[in-house]
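# Examining the three-dimensional arrangement
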Amino acid sequence: MLVCVTACEPTALALTQFARPSEVSGTLRRELAECWAAVVNAGGAVIPADCPLPPLVPADVSAAVDQVAERLAPEHGRLLVATLEDSVAGSVAGWLLVRREAHPLEAHCGVVNHVQTRVHLRRRGIGAALMREVHRVAQEEMGLERLKLSVRAGLGLEDFYRRAGWTEVGRWPGALRLAPGDDRDDILMSLAL
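So, a few notes on the structure that sits alongside this text. This one's a predicted model, so the numbers in the text were calculated from it and none came from an experiment. (Residues numbered from 1 in each chain as written. Predicted model: local features only at pLDDT ≥ 70, side-chain atom pairs only at ≥ 80, totals over all residues. Heavy atoms only, no water.)

## Some thoughts on the packing of aromatic side chains
Enumeration over the complete set of coordinates arrives at three aromatic pairs. Taking the centre distance of 5.6 Å and the plane angle of 65° together, the rings of Trp-36 and Trp-95 count as edge-to-face. Here Trp-36, found in helix 1 (residues 26–41), pairs with Trp-95, found in strand 4 (residues 94–100); they are 59 residues apart in sequence, far enough to count as distant. For Trp-95, a relative accessible area of 1% puts it in the buried group. Aromatic side chains Tyr-161 and Trp-166 sit 6.1 Å apart centroid to centroid with 75° between the ring planes, which places their arrangement in the edge-to-face category. Here the two residues Tyr-161 and Trp-166 agree in accessibility, since each one is buried. One aromatic cluster in this structure is built from Phe-160, Tyr-161 and Trp-166. (Phe/Tyr/Trp six-rings, centres within 6.5 Å; stacked < 30°, edge-to-face > 60°. Helix = DSSP H or I, 4+ residues; strand = E, 2+ residues; numbered from the N terminus. Buried < 20%, exposed > 50% of the residue type's maximum accessible area, 1.4 Å probe, protein only.)

So, in structure tokens, the structure goes:
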């Protein structure tokens, strides 16, 4: 587990990196599940495959959080967690997962998933700080050369990623069905490191 602190208006933001399942405590897993359920209920974040449709409670995503934690390994997957100094001690403000592609032809690439910030803490620079840190971790610590992610259209998220240096490389029109009559494009984005 590594911790770094960066400026985040109006407070300091601590970014902690977890690279092994044993580093992710039960308390942290509960906080990640709380964040994930709240973000889904606000219209963002991917709903895990075995979950009911929103509204969700943290217990609905706890198995998915356990899967994220259990797949961590220094060479293959890292969890980055943001906390604010003015938050309750240890309270998750945001988080993301970066993992190396498993196939040998793509092992130089990584995938970023589950980029989330607590709804009431948005627009404080937490997501931007997480994106800067994942760039550094992927390049300097994991030796990756490129990152990719998928973004749901209709929320303006592609603009956030563009500001962070990402490039749209394609779309799957209507690939995501949120509800009957609410199909969204799946936007594919890439970042050269």
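What follows picks up the thread again.
## A few points about the nonpolar core
In terms of nonpolar packing, the biggest core is built from 28 residues, with Val-112, Ile-126, Leu-147, Leu-149 and Trp-166 touching the most fellow members. For this core, the elements supplying multiple residues, two or more each, are strand 2 (11–18), strand 3 (77–84), strand 4, helix 3 (126–141), strand 6 (146–152) and strand 8 (182–192). It is helix 3 that provides the largest number of residues to this core, a total of seven residues. Counting residues in hydrophobic clusters, the runner-up holds 23 residues, among them Val-39, Val-40, Leu-56 and Val-92. (Core = buried A, V, L, I, M, F, W, Y, C linked by side-chain atoms within 4.5 Å.)

## Describing the pattern of salt bridges
Applying the stated rule across the entire model yields 18 salt bridges. Between Arg-171 and Glu-168 there is a salt bridge, and its shortest N-O distance comes to 2.8 Å. Among the residues examined, Arg-171 registers a relative accessible area of 34% and is labelled partly exposed. The class for Glu-168 is partly exposed, based on a relative accessible area of 28%. Where Arg-177 meets Asp-183, a salt bridge forms, and the shortest distance between an N and an O atom there is 2.7 Å. One salt-bridge network, held together by shared partners, links Glu-158, Asp-159, Arg-162, Glu-168, Arg-171 and Asp-185. (Salt bridge = Lys/Arg side-chain N within 4 Å of Asp/Glu carboxyl O.)

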